[in-house]
Amino acid sequence: MASSSGPALNEELLCSICLEVFTDPVTTPCGHNFCRTCLSKCWTDTHPCFCPLCKDTFSKRPDLKINTTLREVAQHFKEKLNLGEPEVFCDFCDERKQKAVKTCLMCQSSYCETHLEPHLRVPRLKKHKLINAVENLEDYICQKHERPLELFCRDDQTCVCLFCTEGEHRTHNTVPIEEESREKKNQLVQTQTDIYQTIQDRMKKIQEIKHSVEMRKRNTEKEKSSIVELFTDLIRSIERCQSEQLKMMEEQQKAAEKQAEDLIKELEQEITELKRRNTELEQLSHTDDHLKLLQMSSSLYSRPHSKNWTEIRIDSDVNLKSLIIALTELKKTLDGTLHEKLRQTGLTWAQTFAVDVTLDPDTANPYLILSEDGKQVSLGDIRRNVPENPKRFDPVVCVLAKQGFSSGRFYYEVQVKGKTEWDFGVARESINRKGKITLRPDNGFWALTLRKENQYLACDDPSVSLSLRVKPEKVGVFVDYEEGLVSFYDVESRSHLYSFTGQTFTEKLYPYFSPCFNDEGENSNPLIISPLLD
């Protein structure tokens, strides 16, 4: 096809769904072209309708009309391709050779409509094998027996003649070529159907991923608004507290100044009175009127009435003790609120790196039972008859995911509701899968465990016992490969459980799971990988 008109023209005339030259092309509102039948099939199982190429979504199914100009160009292109096929001419025309319409495999000749007439009339010739005119007749004739290739040997997957079935293909399973051709066509149709369905599934998955990203974007914006609102409220509270405290300090300062003003006025009055009496005493000390001196002595010799000023003072220190206590309490409250909010935001951020995780049956211990969708694992009572391979865990009852990660960040969630024991986390590819396993980073495991219903343990070196107020029902696992970080979260309470930090990863990491033993039915619930990308 490329040689007929050049790659650029080919691409413009190909439907991106069937990958063939357009048939009755229609144009979507976003400007892309598809075969009408292809687009109709595509939109049969999807709602709302969207462009299969750019994924633009249409709220209402567009009323599409055939692009007549593009149809004419595509038709011209098809005709041009057909002109490139070699013409076959009649072997029996003497003068001007006519175009052959049929080739007889028995006569090994090609005929025009005129010379073909005996093959359509004479009984003996009517038994001959006629096919559409071909140039390479030898491809349809057995080179060994020079007979038409009329049969297909299914044992050797090759076309044979009748004489071949009497020789080396005598005991083989042979069928007429037409029968095999019909079967192959049916297989092709089924393959096309499967491919078409796969295309639809992939397109649907693209929509799911886009929807997931959009939802996460909305959630992120919501969380950002929440954080901004939180800090805005904190700033307003601090500003309000500051304003009230400054106002109170100003009022206290004015009260102190008024008190000082009144005390100074009182002191000045007392000084004035003392000065007046001192003047009278001065005058009396120089008098010669002894009678007057004696008469006034009782009132002048006594000290004037005055308050005790020793304990009276204006405090120069500002009493901020109560304010400091109040601010300290406020800080504790704000720190707690802020820490909780930031912790929740941390989990929200980690969830943006969610990946689709499914269990790998080739690694599952023979006693483990996996669900058909690869999302659940539980322990069975009977050892299954499964192929032995180096990847399979035995005798430890655990399993890895199919998906491995050697860079970047990833996150998944596991439902543990109703279980009394479990292990899970991540493990490096080269871990020991046979014999005893010790969950520890130096052995290639970064995991959390539950034992005896409420004993939670981070399998670090040394192990760390976790005191959890709430029993987690769903646990999230976040890994940052480059940062060497593996974190665990209680999804429901949105609280951080534990983090392995400062690790060095040099191999591919796989999610790791163990439902542990059933404990006489007390721990029979499966571990369930929760969906995150819907």
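Everything that follows concerns the structure shown earlier in this document.
Residues numbered from 1 in each chain as written. Predicted model: local features only at pLDDT ≥ 70, side-chain atom pairs only at ≥ 80, totals over all residues. Heavy atoms only, no water.

Further remarks concern the overall build of the protein. Looking only at helices and strands, one finds 9 helices and 23 strands in the protein. The buried share of the protein, taken over its 534 residues, is 33%. Considering only contacts in the protein between residues 6 or more positions apart, those separated by 24 or more positions represent 57%. Working note: accessible area of the protein is about 34200 Å², and carbon and sulfur atoms make up 51% of it. (Helix = DSSP H or I, 4+ residues; strand = E, 2+ residues; numbered from the N terminus. Buried < 20%, exposed > 50% of the residue type's maximum accessible area, 1.4 Å probe, protein only. Contact = heavy atoms within 4.5 Å. Areas by Shrake-Rupley, 256 points an atom, 1.4 Å probe, with all protein chains shown as cover.)

Attention now goes to the packing of aromatic side chains. Taken as a whole and assessed by the stated rule, the structure comprises 14 aromatic pairs. With a centroid separation of 6.2 Å and 55 degrees between ring planes, the pair formed by Trp422 and Tyr456 is classed as tilted. Taken together, the positions of Trp422 in strand E15 (residues 422-428) and Tyr456 in strand E17 (residues 455-458) put the pair 34 residues apart, joining distant regions of the chain. On the accessibility criterion, Tyr456 (7% relative accessible area) is buried. Here Tyr498 and Phe500 contribute two aromatic rings whose centre-to-centre distance is 5.2 Å and whose plane-to-plane angle is 80 degrees, an arrangement assigned as edge-to-face. (Phe/Tyr/Trp six-rings, centres within 6.5 Å; stacked < 30°, edge-to-face > 60°.)

The element strand E22 (residues 509-514) is largely enclosed, with a buried count of 6 among its 6 residues. The sheet contact formed by strand E13 (residues 399-400) and E22 spans 2 bridges and is antiparallel. Paired with Val399 across the strands is Phe513, a residue of E22. With 6 bridges joining them, E15 and E22 adopt antiparallel strand pairing. Of the residues in E22, the one forming a bridge with Ala427 is Tyr510. (Pairing = 2+ DSSP bridges.)

What follows is about the pattern of salt bridges. Evaluated as defined, the whole model comprises 19 salt bridges. Residue Glu179 is joined to Arg154 by a salt bridge in which the shortest nitrogen-to-oxygen separation is 3.9 Å. With Glu179 in helix H7 (residues 177-284) and Arg154 in the loop between strand E8 (151-153) and strand E9 (158-160), this residue pair connects regions lying 25 residues apart in the sequence. What makes Glu179 partly exposed here is its relative accessible area of 33%. Two residues, Arg218 and Glu214, come together in a salt bridge whose shortest N-O distance is 3.6 Å. With a gap of 4 residues between them, Arg218 and Glu214 both fall in helix H7, about one helical turn apart. Overlapping salt bridges bring together Arg154, Glu179, Glu180, Glu183 and Lys184 as one network. (Salt bridge = Lys/Arg side-chain N within 4 Å of Asp/Glu carboxyl O.)

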